[in-house]
Amino acid sequence: MSDVLRALVLGGLSGSGKDTALKLLLDTGRVRKGTTITTRPARPGEIDGYHYDFLTPQDFRFYRDAGALAEETIYIGNPIAYGISWKRIYEAQIADIPTAWILDSIGLQRMRELFNRDKETLGIFLWAKPETLAFRMRSRGEDEATITRRLSRYQQELELGLKHFDHVVDTAHQTPQRVAGRILKLMAKENNIRRLPGAGDGPLEPEDPRLKFARRMDQSIDDGCDQIIAIVCHLGRIVDIVALRDNRHEVRGILAEVFPIYDDMTSVLCTCDCEE
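Within any chain, residue numbers begin from 1 and follow the written order of that chain's sequence. Totals for whole chains, interfaces and linings use all residues, but because this is a predicted model, local features are given only for residues with pLDDT of at least 70 and pairs of side-chain atoms are given and counted only at 80 or more. Side-chain descriptors were evaluated using all non-hydrogen atoms of the structure, hydrogens and water having been removed beforehand.

**Thoughts on the confidence of the model for the chain**
To keep it simple, the criterion reads: Confidence of the predictor in every single residue is expressed as pLDDT, which spans 0 to 100. Residues are treated as being in contact if the distance between any of their heavy atoms lies within 4.5 Å.
Residues with a pLDDT of 70 or more make up 67% of the chain, whose mean pLDDT is 77. Ignoring residues within four places in sequence, the model shows residues 193–207, a span with pLDDT below 50, making 28 contacts including any to other chains.

The structure is reproduced here in structure tokens:
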């Protein structure tokens, strides 16, 4: 694996400015959005597959039982479940710019497992004092009970942020634009800008991302097909999981059908392997 930044994780309590910072980062074209799963209903204006992958609780359990979730988070006392599908992880692994996610410290640790530990993952925790967070939450119409409940986790979340994230950015005394600019500077500083996808400043010649995708797919097949099966399940294919584990040829056929990139690159992959 490379040491190119693949996953940018933004963390912080409610009101810390995560969503605003992410929107501004997306507007620069330097990152793409990482889409997570939620079981809450979509709000007005939210687009399924972009803001979230919206699932019913029943579908979420099906995905989990089928092994289609790379990460899942369920908070005590909260009926809403969150997660990330293997499909979204593979999209991030072959993207030519970093994928930005909003996750907690547990989600960050999982991303480090999926993206070569610290070499491909950067965690930035957005912070502000409780009174600032409360003011922001009131400004967007949240009730006092919700604000109190969220702030009750302030000290715990701050300690986790300081422990697990690479950097902490104070958003209380900076405009959202300056916060986004600070994040971009941290990305460049932590990952040699020549190795940062999309930096445009003398980047190293990367491996064709389609070929990299095909290599990882083949490696997953050789490792036992579990992640491949999870992706196929996520795409709505009903498969015999036990039979697929013993039939790699059929797995490759399904991959060629649902991932045209894989079909296009398998011949190139075989050629490269023979040359090695």
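After that view of the structure, there is still more to cover.
**Some details on the pairing of strand 1 (residues 7–11)**
Note the threshold: Summary of the burial criterion: residues with accessible area below 20% of their type's maximum are buried, those above 50% are exposed, and those between are partly exposed, where the area comes from a 1.4 Å probe applied to protein chains only. Numbering of helices and strands runs from the N terminus, with a helix taken as a DSSP run of H or I at least four residues long and a strand as a DSSP run of E at least two residues long. Here, any two strands with at least 2 DSSP bridges between them count as paired.
For strand 1, the buried fraction is high: 5 of the 5 residues fall into the buried class. Of the two faces of strand 1, the one carrying Ala-7, Val-9 and Gly-11 and the one carrying Leu-8 and Leu-10 are both buried. Bridge count for strand 1 against strand 7 (residues 99–102) is 4 bridges, and the pairing is parallel. Opposite Leu-8, over in strand 7, you have Ala-100 as the bridge partner. Pairing of strand 1 with strand 8 (residues 121–127) involves 5 bridges; the strand directions are parallel. Following the sheet pairing, Leu-8 is matched in strand 8 by Leu-122.

**Some thoughts on helix 5 (residues 130–139)**
In an α-helix, one full turn covers 3.6 residues, which means residues spaced three or four apart are oriented alike. We apply this condition: Think of it as the arc spanned by the lines of direction from the helix axis to the C-beta atoms.
Taken together, the buried positions of helix 5 are Leu-133, Ala-134 and Met-137. Along the long axis of helix 5, the arc covered by the buried residues comes to 100°, so they all point the same way. Opposite the packed face of helix 5, turned more than 90 degrees from it, sit the exposed residues Glu-131, Phe-135 and Ser-139. On the buried face of helix 5, the contacting elements are helix 6 (144–151) and helix 7 (154–164). In the stretch just after helix 5, Gly-141 is the one whose phi turns positive, near 90°.

**Structural notes on the packing of aromatic side chains**
Here the distance between the centres and the angle between the planes together describe a pair of aromatic rings. Rules: Only Phe, Tyr and Trp rings take part, Trp by its six-membered ring, and two of them pair if their centres are within 6.5 Å. Stacked means planes under 30 degrees apart, edge-to-face means over 60, and tilted covers everything else. Criterion for a charge above a ring: Arg CZ or Lys NZ at most 6 Å from the ring centre, at most 35 degrees from the ring normal.
Considering all chains together, one arrives at 3 aromatic pairs under this definition. Here the aromatic rings of Tyr-52 and Phe-54 are separated by 5.7 Å at their centres, their planes lie at 55°, and the arrangement is tilted. Exposure remark for Phe-54: the relative accessible area of 16% places this residue in the buried category. Geometry around Tyr-50 places Lys-33 over its ring, the cationic atom sitting 5.6 Å from the centre.

**Side note on the packing of helix 1 (residues 18–28) against helix 8 (residues 176–190)**
Under the convention used in this document: Orientation is described by axes fitted as lines to C-alpha atoms, over the contacting stretch for helices, and by angles from 0 to 180 degrees between their N-to-C directions. Handedness of a crossing follows from how the near helix is turned relative to the far one, being left-handed for an anticlockwise turn of less than a right angle and right-handed for a clockwise one. Each residue is assigned to one of three groups, with Ala, Val, Leu, Ile, Met, Phe, Trp, Tyr, Cys and Pro labelled nonpolar, Asp, Glu, Lys and Arg labelled charged, and all others, Gly among them, labelled polar.
For the pair helix 1 and helix 8, the least separation of the axes is 9 Å and the interaxial angle reads 65°. Between helix 1 and helix 8 lies a crossing whose hand is right-handed. Residues Thr-20, Ala-21, Leu-24, Leu-25 and Thr-28 of helix 1 form the contact with helix 8, whose own contacting residues are Pro-176, Gln-177, Val-179, Ala-180, Ile-183 and Leu-184. Tallied by class, the residues present in the contact of helix 1 with helix 8 amount to 8 nonpolar, 3 polar and no charged.

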